[in-house]
Structures are given as structure tokens and as C-alpha cells.
Amino acid sequence: MKLLHIDSSILGDNSASRQLSSEVVKAWQAADPQVEVSYRDLAAEAIEHFSAATLVAAGTPAELRDAAQKHEAQLSADTLAQFLAADAVVIAAPMYNFTIPTQLKAWIDRIAVAGQTFRYTEAGPVGLCGNKKVVVVSTSGGLHAGQETGVAHEDYLKVMLGFMGITDVEFVRAHGLAYGDEVRSKAMSDAHAHIKQDLFSAA
């Protein structure tokens, strides 16, 4: 099985989402020693945002692309291919200003491709990635899950993944991290316990 590990926090070693996503991957490897892991750090190696240049590059025949267009087209192709090759994805998704990091949104824009991860039909859109499993590591300073303030965070990810046909989505949460040491400690402890005791209990 191929597992894609995505980090997006800008906080480096101080990131709770990085710590927990790494733990998820290690637990997955322990449950399935044959898993092949590929890693992408969207903060350290940011993907350029989707732009008019992206569309122009995609619409220009390969032999006519200039250097910048070749870079854009290759970036899109490589990002999409890495995602399509994965059987499962671990996404570290901290909350920034009530939504996901812009780096993570840039990655999503490169994998949401008509005819590749979804298609439109007369009956509406159909997701093409229903065979994938996704674990989202959701972290936030406040308490937003199930609230209006969380719609552009977890709810957005559910909608976007579902649009691509991915319904096997599990969340590992550590919220309220800015509410003081005691709340932070409990949130992280609960997340650790969920990973160790529940996430791969059926494996």
C-alpha cells in the first residue's frame, strides 16, 4: 500500500499537527509494515498558487510551452500523479484564521482536476477517487468543530474530499490548544490515545 503524508503547518518543530501526523504515519507503518510512505512538506516546499499562468500552461501544447509554462505544467502533473498513486493520505490540517493553510489549499487546487479526480455527468459531478482512505489531523487554537467558525476548516475538507469521491475520512483532533496548558495537554493526550487505541484497531 502507498501512503502519502502531507504536512502544511508553518510552525516547524513547534507544530502540533506535524507531531500528530507523524505519529499517525508511524502507527500506520506499525499496523502494516509493507506500507510505502511518500512525504510532502507544503510549508518548506510551497506549491505555487493556482493562477491564470496555470491555466495557460495547461492549455498550451507541450512543444510550444516556454520555460515557465513547462514548470507550471510539470508541477501540476507531478502533484496530481503523486496523489493518484496513493492508496491512503494523511493530511495535517491546522486551522489558520478559521480555514486551512493557504499552502494546503494550493495543493488541493492542483489535485482537483476534472477527468482525473472527478468528472461531470448529466446527473451531476462524480468523484473518481473513492478507493482512497484519508486521515485528517485537525488542530486549532480554539474550539470550532461543529460550529460556524469551523465550516471553512473540517467541513470544507469533507466537502472537497467527498467531491472527489473520498468518503472514508477519519479525523484526529487536537483543538483548544491556545486555551492554556491544561486544555492543550488534554487535547494532545486525547489525540495520542485515539491514534494508538482506535485508529488502527481493526488492522
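Per chain, residue numbering runs from 1 following the sequence as it is written. Selection of residues for local features in this predicted model requires a pLDDT of at least 70, selection of side-chain atom pairs for listing and counting requires 80 or more, and totals for whole chains, interfaces and linings are taken over all residues. The side-chain numbers reported here are obtained from all heavy atoms of the structure, hydrogens and water having been left aside.

In the annotation of an unreviewed UniProt entry, the entry for the chain reads FMN dependent NADH:quinone oxidoreductase, and the organism field reads Pseudomonas fragi. In the Subunit (unreviewed entry) part of its UniProt record, the chain is described as follows: "Homodimer." UniProt positions are given in the numbering used here, feature names are shortened, and annotations may be inferred rather than shown by experiment. The Sequence similarities (unreviewed entry) field of the UniProt record for the chain holds the comment "Belongs to the azoreductase type 1 family."

Caption draft 1: Region of interest: the sheet that holds strand 2 (residues 36–41). Read across the sheet, five strands follow the order 2-1-3-6-7 without closing on themselves; strand pairing throughout is parallel. Two strands close off the open sheet at either side, each with one partner strand: strand 2 and strand 7 (168–174). Taking the axes of each pair of neighbouring strands and ignoring which way they run, one obtains an average angle of 15° across the sheet. The pairing of strand 3 (residues 88–94) with strand 6 (residues 133–139) spans seven bridges and is classified as parallel. In the sheet register, Pro94 faces strand 6, and the bridge partner there is Thr139. Note on contacts: a residue pair qualifies if any of its non-hydrogen atoms lie within 4.5 Å across the two residues. Every angle, taken between N-to-C directions, lies between 0 and 180 degrees, and every axis is a line fitted to C-alpha atoms, over only the stretch in contact when it is a helix. Helix and strand definitions follow DSSP, with helices as H or I runs of at least four residues and strands as E runs of at least two, each counted in order from the N terminus. Running over the sheet, helix 1 (residues 16–31) touches strand 1 (2–7), strand 2, strand 3, strand 6 and strand 7 and is turned about 150° from strand 6. Running at roughly 165° to strand 6, helix 5 (residues 151–163) makes contact with strand 3, strand 6 and strand 7 of the sheet. When DSSP locates at least two bridges between a pair of strands, those strands are taken to pair.

Caption draft 2: Here's a closer look at the pairing of strand 3. Of all the seven residues making up strand 3, seven are buried; the element is thus mostly covered by neighbouring parts of the structure. Across the two faces of strand 3 the burial is the same, with Ala88, Val90, Ala92 and Pro94 and Val89, Ile91 and Ala93 all buried. When strand 1 meets strand 3, the two strands line up parallel, connected through four bridges. Following the sheet pairing, Leu3 is matched in strand 3 by Ala88. Burial classes follow relative accessibility: with a 1.4 Å probe on protein chains only, a residue under 20% of its type's maximum area counts as buried, one over 50% as exposed, and anything between as partly exposed.

Caption draft 3: Spatial organisation of the UniProt feature "domain: Flavodoxin-like fold" (unreviewed entry) in the chain. Taken from the UniProt record, the annotation "domain: Flavodoxin-like fold" (unreviewed entry) applies to residues 1–197. Note that residues 1–197 is 42% helix and 21% strand, and that its end C-alpha atoms are spaced 22 Å apart.

Caption draft 4: Spatial organisation of the side chain of Glu72. Following the sequence through the fold, Glu72 ends up in helix 3 (residues 67–85). On the basis of relative accessibility, which here comes to 9%, the residue Glu72 falls in the buried class. Here Arg110 takes part through its side chain, which lies 3.0 Å from a polar atom of the side chain of Glu72. If near-sequence neighbours (up to four positions away) are discounted, Glu72 is found in contact with Glu48, Ala53, Thr54, Ala57 and Arg110. In protein, a polar contact means a hydrogen-donor-capable atom and an acceptor-capable atom, both N or O and within 3.5 Å, with residues adjacent in sequence counting only if both atoms are side-chain atoms; elsewhere, any N or O pair within 3.5 Å suffices.

Caption draft 5: Layout of helix 4 (residues 102–111). Within helix 4, seven of the 10 residues are buried, which leaves it mostly tucked inside the rest of the structure. Where helix 4 is concerned, the buried positions are Gln103, Leu104, Ala106, Trp107, Ile108, Arg110 and Ile111.

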